[in-house]
Amino acid sequence: MKILANNDYQAPAQSTGSVLVLANDVNALEANLDGITQVDLQFPNFTDGRAFSQAYLLRRRLKFTGDIRATGDVLIDQLVQMQRTGFSSAVLREGVDAADAQRQFERFGGYYQADAVEHHPHFPQELA
């Protein structure tokens with residue numbers, strides 16, 4: 001997952017030619033993705049997780065392969081789940097260190113469950 005510092009990315013207020021900005025109350029399944037290479041999903045505050053569902057629907061049901069970017073109130077403890085639900089980049093909220101955020105991915109080596117990226121469950125290798 002690509003991590004961006006808050007001052008490295010200014011989220012567009014509205015959609016442009018190749019960037020689609022979706023409010024978190026929009027049904028992602030109704031999105032027109034023709035010519036879209038990036039979808040910005042908004043976290044208005046860290047307790048509002050509707051963008052997780054939107055990202056999952058974009059990846060799994062609509063087969064969107066472009067960049068799904070988390071914007072807004074993005075905390076480092078949400079990043080691993082963001083990646084598992086389909087986000088490919090995240091803009092950290094102001095004051096959050098990108099190095100601290102990147103370390104989150106080193107903390108977890110694998111998962112048993114399938115997710116938006118890995119469609120098949122991970123089971124342990126046969127014991128020797």
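Above this note sits the structure.
Counting restarts for each chain: residues are numbered from 1 in the order of the written sequence. Owing to the predicted nature of the model, reporting of local features is limited to residues with pLDDT of at least 70; listing and counting of side-chain atom pairs is limited to 80 or more, with chain, interface and lining totals taken over all residues. Values shown for side chains rest on all heavy atoms present in the structure; no hydrogens or waters enter the calculation.

It is worth spelling out the pattern of salt bridges at this point. Salt bridges, as used here, are contacts in which a Lys or Arg side-chain nitrogen is within 4 Å of a carboxyl oxygen on Asp or Glu. Inspection of the entire model under this criterion finds three salt bridges. Two residues, Arg-50 and Asp-48, come together in a salt bridge whose shortest N-O distance is 2.7 Å.

Attention shifts here to the packing of aromatic side chains. For Phe, Tyr and Trp, where Trp contributes only its six-membered ring, two rings pair if their centres lie within 6.5 Å, and the inter-plane angle classes them as stacked under 30 degrees, edge-to-face over 60, or tilted in between. Within the structure shown, the criterion is met by three aromatic pairs. With centroids separated by 5.1 Å and ring planes inclined at 75°, the aromatic side chains of Phe-43 and Phe-52 adopt a geometry described as edge-to-face. Think of it in three bands: residues with accessible area under 20% of the maximum for their type are buried, residues over 50% are exposed, and the middle band is partly exposed, with areas taken using a 1.4 Å probe on protein chains only. Look at Phe-52 and you get buried, because its relative accessible area is 17%.

What follows deals with the side chain of Gln-78. Strands are runs of DSSP state E lasting at least 2 residues, helices are runs of H or I lasting at least 4, and numbering of each runs from the N terminus. Inspection of the secondary structure assignment puts Gln-78 in the loop between β4 (67–72) and α2 (79–85). Should any heavy atoms of two residues lie within 4.5 Å, those residues are considered in contact. In this view, Gln-78 contacts Phe-46, Phe-52 and Asp-73; residues no more than four positions away in its chain are not counted.

In short, the description is geometric, and any link to function would need to be established separately.
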